[in-house]
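Below are the chains, spelled out letter by letter.
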Amino acid sequence: MSVTLQEPAAPVESAVPAERDRLDRFFEITRRGSTVKREVLAGITTFATMAYIVVLNPLIIGTAPDKDGNLLGLAPVAGVTALVAAVMTIMMGIVGRVPFGVATGLGLNAFVAYAVASQMTWAEAMGLVVIEGLIITVLVLTGFRKAVFRAIPAELKAAIAAGIGLFIALIGFVDGGLVRAGTGVPVQLGGDGTLRGWPTVIFLVGLLATGILVARKVKAGVLIGIVATTVLAVVVNAFAKPGGAFLPDGKPNPGGWRLNIPALPDPLIKAPDLHLLGNVSFGAFAHVGLMTALLLVFTLVLADFFDVMGTTVGLAKQAGLTNADGTDMPRLGKVLFVDGVAAVAGGAGSASSATTYVESSSGIADGGRTGLTSVVTGVLFLGALLLTPLVTLVPSEAAGPALVVVGALMIRQVKDIDFTDVGIAVPAFLTMTLMPFTYSITNGIGAGFVSWVAIRVAQGKARQIHPLMWAVSAAFVVYFGINLVKAVTGVS
């Protein structure tokens, strides 16, 4: 539930170390009802649920060939992914002072890998990402992005937060192997309609344990759940040896670990490969044509703009950082500015566009309320630069339960939606369901915006629609009809 921030606590008579007092004032730790210990533990939790990106991003953009068949490579992408996440998350903590982690955006990285780089060189693709980030940053500096945040109706904000809860729960179920692509149906239980394999057992045990810890209000319950499940996974892997997602002959292994195999890596410490930093070119406009490049940038901007908008809304409401009617939050402009800079940094670092991470909800669920949580998470990502092999120790089956439990906490936002008003119920429902069903926060927000405007007009309530809702909905119509736009313009 969104709450108004508490008034600053009265000065304590007992002596407090000056350094601790300055830290408290800078991050407003006491004012937001938190403690340094709680913020540190929350930062560790957020890192534990985000660390998979150091492994997953290289698998997506490190193995995808560009137009000339060149690859970025696994190790170099892992290095720049960890570096960008570290720098931008620390920046979010110090400048934005909110408990939001920042790293390469999933979905956007796949789009860059398979829809952008396939038409040009990797350097040119990252150049378009930099341009996208610059546009986002300009929209923040002009106040446009902040104005859109405030123009979103409160009911849609609640639907966005609840939809993100469903979305991250689905991510957790998929990562844990409980839900997989089906045969004859879109999705199904396990790989063949049944549950099998030790990794799935680990996920279920972790889900039950984490749920119990959170239900009993155990401090740092989400983090304890991740650590305990990881330890259990290491033990089970040592004895049962279920293997990875694929067998040696390349066939799927339904009983194997989905991503990381929980075994101590050798070596534990390895110097990062950062040679991809600055590998950027702006030659795409000449290479693929002006219209094609502009459409690619437009798609990147719209997806990033509203993916972050939705994530920010959901996380801020979960952390109780929004005001009573959910229309504003502290330092909103600075939070959005850091996110815009993160997109630029992701492109300049060849890690793909970086963005605010929805997995930050796990740290918030463990009590994180201030930027100190983000600073801790960022410092751990700096450590991951040298300990990249150790990051692979946490399997997705151990991180997945945390996402499901946090999703259950976020879905409670539906209580703020008046489902008796169909003009509210339908857009809210589309927002919530299309996020997990299409695996995209942007799609859910777009459907909610367009349907909100259309139904309000049909109800004779057009004057109640904020002008920015009209403009954004029109942009989403173009976004959803991008193939038609390509056909009309003759762009491939």
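Residues numbered from 1 in each chain as written. Predicted model: local features only at pLDDT ≥ 70, side-chain atom pairs only at ≥ 80, totals over all residues. Heavy atoms only, no water.

**Student:** For the packing of aromatic side chains, give the residues involved together with the corresponding values.
**Tutor:** Considering all chains together, one arrives at nine aromatic pairs under this definition. Summarising the aromatic geometry, the rings of F144 and F305 are spaced 6.0 Å apart at their centres and angled 55° between planes, so their arrangement reads as tilted. Here the residue F144 occupies a position in helix α7 (residues 144-151), and F305 occupies one in helix α12 (residues 290-318), the gap between them amounting to 161 residues. When its relative accessible area of 32% is taken as the criterion, F144 is described as partly exposed. Members of the aromatic cluster, connected to one another through ring pairs, are F449, F476, Y479 and F480. Positioned above the aromatic ring of F149, the side-chain terminus of K157 is 4.9 Å from the ring centre. Directly above the aromatic system of W452 lies the positively charged group of R456, at a separation of 4.9 Å from the ring centroid. (Phe/Tyr/Trp six-rings, centres within 6.5 Å; stacked < 30°, edge-to-face > 60°. Helix = DSSP H or I, 4+ residues; strand = E, 2+ residues; numbered from the N terminus. Buried < 20%, exposed > 50% of the residue type's maximum accessible area, 1.4 Å probe, protein only. Lys NZ or Arg CZ within 6 Å of the ring centre and 35° of its normal.)

**Student:** Describe in detail the nonpolar core, supporting the description with residues and values.
**Tutor:** Formed by 85 residues in total, the largest nonpolar core has its most connected members in W122, F306 and F449. Grouped together as the second largest cluster of nonpolar side chains are 16 residues, A82, A85, F381 and A384 included. (Core = buried A, V, L, I, M, F, W, Y, C linked by side-chain atoms within 4.5 Å.)

**Student:** Explain the packing of helix α4 (residues 74-96) against helix α13 (residues 332-348) to me, and be specific about the residues and the numbers.
**Tutor:** Where α4 meets α13, the axes come as close as 9 Å, and the angle between the chain directions of the two elements is 165°. One element, α4, and the other, α13, form an angle in the roughly antiparallel class. Of the two possible hands of crossing, α4 and α13 adopt the one that is right-handed. On α13, the residues that touch V84, M88, M91, M92, V95 and G96 of α4 are K334, V335, F337, V338, D339, V341, A342, A345 and G346. When the residues that make up the contact of α4 with α13 are grouped by side-chain class, the tally is 11 nonpolar, two polar and two charged. (Axes fitted to C-alpha atoms, helices over the stretch in contact; angles between N-to-C directions. Parallel < 35°, antiparallel > 145°, perpendicular 65-115°, else oblique. Left-handed = near helix turned anticlockwise from the far one by under 90°. Contact = heavy atoms within 4.5 Å. Nonpolar A, V, L, I, M, F, W, Y, C, P; charged D, E, K, R; others polar.)

**Student:** An account of the pattern of salt bridges is needed here, citing residue identities and associated values.
**Tutor:** Charged atoms that come close allow side chains of opposite charge to pair. Going through the model one piece at a time under the given rule, you end up with five salt bridges. D21 is the salt-bridge partner of R25, the closest N and O atoms lying 2.3 Å from each other. In this pair, R25 and D21 are both assigned in helix α1 (residues 18-27), four residues apart and thus about one turn of the helix distant. Overall, R25 belongs to the exposed group, its relative accessible area being 53%. In this structure, the salt-bridge partner of E28 is R31, at a minimum N-O distance of 3.6 Å. (Salt bridge = Lys/Arg side-chain N within 4 Å of Asp/Glu carboxyl O.)

**Student:** Any chance you could break down a nonpolar patch on the surface for me, citing the residues and the numbers?
**Tutor:** Where nonpolar side chains cluster on the molecular surface, the patch consists of W198, V201, V205 and L232 and spans about 330 Å² of accessible area. It is helix α9 (residues 198-215) that provides the largest number of residues to the nonpolar patch, a total of three residues. Looking at the secondary structure, you find L232 in helix α10 (residues 221-240). (Patch = residues over 30% accessible without salt bridge, like charges linked within 9 Å, V, L, I, M, F, W, Y side chains within 5 Å. Areas by Shrake-Rupley, 256 points an atom, 1.4 Å probe, with all protein chains shown as cover.)

**Student:** Any chance you could break down helix α17 (residues 396-410) for me, citing the residues and the numbers?
**Tutor:** Taking 1.5 Å per residue, 15 residues should reach 21 Å; α17 reaches 21 Å between its end C-alpha atoms and fits that length. For α17, the buried fraction is high: 13 of the 15 residues fall into the buried class. (Expected span 1.5 Å × (residues − 1).)

**Student:** I'd like to hear about the packing of α9 against α17, residue by residue, with values.
**Tutor:** As a packed pair, α9 and α17 sit with axes 8 Å apart at the nearest point and diverge in direction by 40°. The pairing of α9 with α17 is recorded here as oblique in orientation. Here the hand of the crossing between α9 and α17 comes out right-handed. Two secondary-structure elements touch here, α9 through P199, I202, F203, G206, L207, T210, G211 and V214 and α17 through E397, G400, P401, A402, V404, V405 and L409. A class-by-class count of the residues in the contact of α9 with α17 yields 10 nonpolar, four polar and one charged.

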